[in-house]
Amino acid sequence: MAIRTLQHIDYGFGGRPLLVDIDLQIEPGERIGVLGRNGAGKTTLLKIISGEQAPDRGVVESPPGVRVARLPQGIPSDLTGPVFEVVAQGLGDRGALLAEYHRLSKRLSRDPAPACAQRLDAVHQALDASAGWDAEREVHTLLSRMTLPGHEDFTNLSVGLQRRVLMARALAAQPDILLLDEPTNHLDIENIRWLEELMRAWHATLLFVSHDRVFLQQLATRIVELDRGRLVSWRCDYATYLKRKEAALEAETLQNRRQDKKLVTEEGWIRKGLKARRRRNEGRVRALKTLRAERRARMERVGNVRLMAQEAERSGKLVIEADGLGYAYQQQTIFADFRTVIMRGDKVGVVGPNGCGKSTLLKVLLGKLAPESGRVRHGTRLQTAYFDQIRAQLDEDRSVQANIADGGDKVVIDGRTRHVIGYLKDFLFTPDQVRSPVRVLSGGERNRLLLAKLFAKPANLLVLDEPTNDLDLETLELLEHLLVAFQGTILLVSHDRAFLDNVVTSTLVFEGEGRIAEYIGGYTDWQRQRVTTVPVKAAKKSGGKSRVSPRAKKGPRKLSYNEARELEQLPALIETLEQEQADLFDMLADPSFYRSEGETVAAARERLSEVENELTRAYGRWEALDAIDRGTAKPAS
């Protein structure tokens, strides 16, 4: 039996239909992942399910006594006070009494006023009558289980800890349905994994919005997708959904082409001469009117963001060399004796807990902060584009256009002048949005705007600090493709495990006590290497504090003659494959290409898959040979 049912739900915003005739049944124990583009209405759907938002039409039904709690996407600006009181809010009236009791107790200890004492006594009696002391034990149990500082003020916590407090508040209600809106945003990898384990052990019903592909695959037993106002349910895990969705889109595209072709034929027939019109079949005329109505009613798929980085002239072979870097803040060591060499074309991920100093490391490497010890040497001809985590480069009060064109109406992209509205259309901004102030944009729209600002500037070094927060899956995957094809150098801070796996060639990991180690590959490679192998470049210069395994002390082996020749030839091979990959992407992104024969389209897709596999093998071989050449590979036994 469903514990919540939505029937024929309609909801519009600003004259635009957001949800159209939505039906949804939520069964006990399901873990439902909710997908959709930025602005598709996912948060609105969650609010309607929770009862916070009334639909324009339709009904929401559930059996009596079903409890629902929702974790919001952002941090509410009005939340203050000790963590204990914030978590207690999840208990409703009992929680409010508990919070008041704690506030009055503190006040009475400072100012023993009679009125305060009387109120405290009244609250004490109310707690006795409502099993409030059981509620207090429940809150303390949650705080202990989730490792939260009950007496710390909520506003003093990091964003990651604030999200954990909000999760505890939601769980305190002991809901039958738990709604999570982008729960992994601003969480570091360890906290995301902790949340996965917590939710996997959750026995009630879970419905969550997320663009974290690993999180979706780990948790979702069912996928529901908001697409052009409609809700489609896929009773499968995320990986299976991707395959079924691709097949469904191909079938839809084919059906739309057939319908459009028929419409063109019928329009031609109806415009024939007077004699033909006198003899026309009235049934055929009615069918044409139906075709026209269907075409008008068809809600076309939202286009994809057209991402294209402007690449500056090639930098020198050396990009950044760090030698013995150290930095401390308020007498706390952020990192010490850190060494690395970043070469042209390296794509380096940076991973670590929230607040460990990842953004600080980027600023030191870029020369924006001076290290307390050691030195940083930059290569030649560097042109840097920087994507900051807090989006400080965006002026909230200026319009979207002014943020990109600095008050003008033109931008220069790859040497070609474009109108700013046309350029921003590539990033899915409408003309009305282009003239609106930045403060009215959603989180995902702000990220897209910052990407537009970033890619309007030629660069051969991209520095991206948490670029994936709030991006929908389609834009996220397009950003991945762009970064993989980018010929310059990338420094990337991210907690998105799939994104790291798909983009970076090595990973810098904050390991505590001021240590930063470097590993070949992305997140999965780091997890595999962290126990059994030596960090990349860990012993590049003597005196480093990175761990070295006993086998590494035997010394690195040398490249053979054939291996050395192969290493020299691999960059050219990779460049050729990347160019072919880019050409295939452009071909498959062109709607007119699908007018070709079906065999031609299939062959192009098959070749793209082959090129991607060849690139993966070539990168893997290059990394292995490069590690041997640099003396950082694990020697053979």
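Each remark here, short or long, concerns the structure printed above.
Model, not experiment: these values are computed from the prediction.

## Re the overall build of the protein
A count of helical and extended segments in the protein gives 21 helices and 20 strands. For the protein, the proportion of its 637 residues judged to be buried stands at 47%. As displayed, the protein offers around 31,500 Å² of accessible surface, 50% of which is attributable to carbon and sulfur atoms.

## A word on the sheet that holds strand β10 (residues 318-329)
Here three strands make up an open sheet; going across it, the order is β11-β10-β13 and the pairing antiparallel. Two strands bound the open sheet, and with one partner strand each, they are β11 (332-343) and β13 (373-378). Ignoring strand direction, the axes of neighbouring strands in this sheet form an average angle of 15°. Sheet topology note: the β10/β13 ladder contains five bridges and is antiparallel.

## Some remarks on the pairing of strand β9 (residues 230-234)
Pairing of strand β8 (residues 222-227) with β9 involves five bridges; the strand directions are antiparallel. Looking at β9, one finds that glutamate 225 is bridged to valine 232. Hairpin remark: β8 followed by β9, antiparallel, with two residues in the connecting loop; positive phi at arginine 228, about 55°.

## A look at the packing of helix α3 (residues 93-110) against helix α4 (residues 114-129)
Interhelical geometry of α3 versus α4 gives an angle of 150° and a closest axis separation of 9 Å. Judged on the interaxial angle alone, α4 and α3 are roughly antiparallel. Of the two elements, α3 crosses α4, and the hand of that crossing is left-handed. Mapping the contact onto sequence places Arg94, Leu97, Leu98, Glu100, Tyr101, Leu104, Ser105, Arg107 and Leu108 in α3 and Cys116, Ala117, Arg119, Leu120, Val123, His124, Ala126 and Leu127 in α4. Grouping the constituent residues of the contact of α3 with α4 by class yields eleven nonpolar, two polar and four charged.

## Examining the packing of aromatic side chains
The tally for this structure, following the rule as stated, stands at seven aromatic pairs. Arranged with centres 5.4 Å apart and planes meeting at 85°, the rings of phenylalanine 208 and phenylalanine 215 form a pair that is edge-to-face. Judged by centre distance (6.3 Å) and plane angle (25°), the ring pair of tyrosine 327 and phenylalanine 335 falls under stacked. Its relative accessible area of 1% is what places phenylalanine 335 among the buried residues. Among the aromatic residues, those joined into a ring-pair cluster are Trp234, Tyr238 and Tyr241. The ring of phenylalanine 429 has arginine 448 lying over it, and the distance from NZ or CZ to the ring centre is 5.2 Å.

Reading the values: the criteria
- Residues numbered from 1 in each chain as written.
- Predicted model: local features only at pLDDT ≥ 70, side-chain atom pairs only at ≥ 80, totals over all residues.
- Heavy atoms only, no water.
- Helix = DSSP H or I, 4+ residues; strand = E, 2+ residues; numbered from the N terminus.
- Buried < 20%, exposed > 50% of the residue type's maximum accessible area, 1.4 Å probe, protein only.
- Areas by Shrake-Rupley, 256 points an atom, 1.4 Å probe, with all protein chains shown as cover.
- Pairing = 2+ DSSP bridges.
- Axes fitted to C-alpha atoms, helices over the stretch in contact; angles between N-to-C directions.
- Parallel < 35°, antiparallel > 145°, perpendicular 65-115°, else oblique.
- Left-handed = near helix turned anticlockwise from the far one by under 90°.
- Contact = heavy atoms within 4.5 Å.
- Nonpolar A, V, L, I, M, F, W, Y, C, P; charged D, E, K, R; others polar.
- Phe/Tyr/Trp six-rings, centres within 6.5 Å; stacked < 30°, edge-to-face > 60°.
- Lys NZ or Arg CZ within 6 Å of the ring centre and 35° of its normal.

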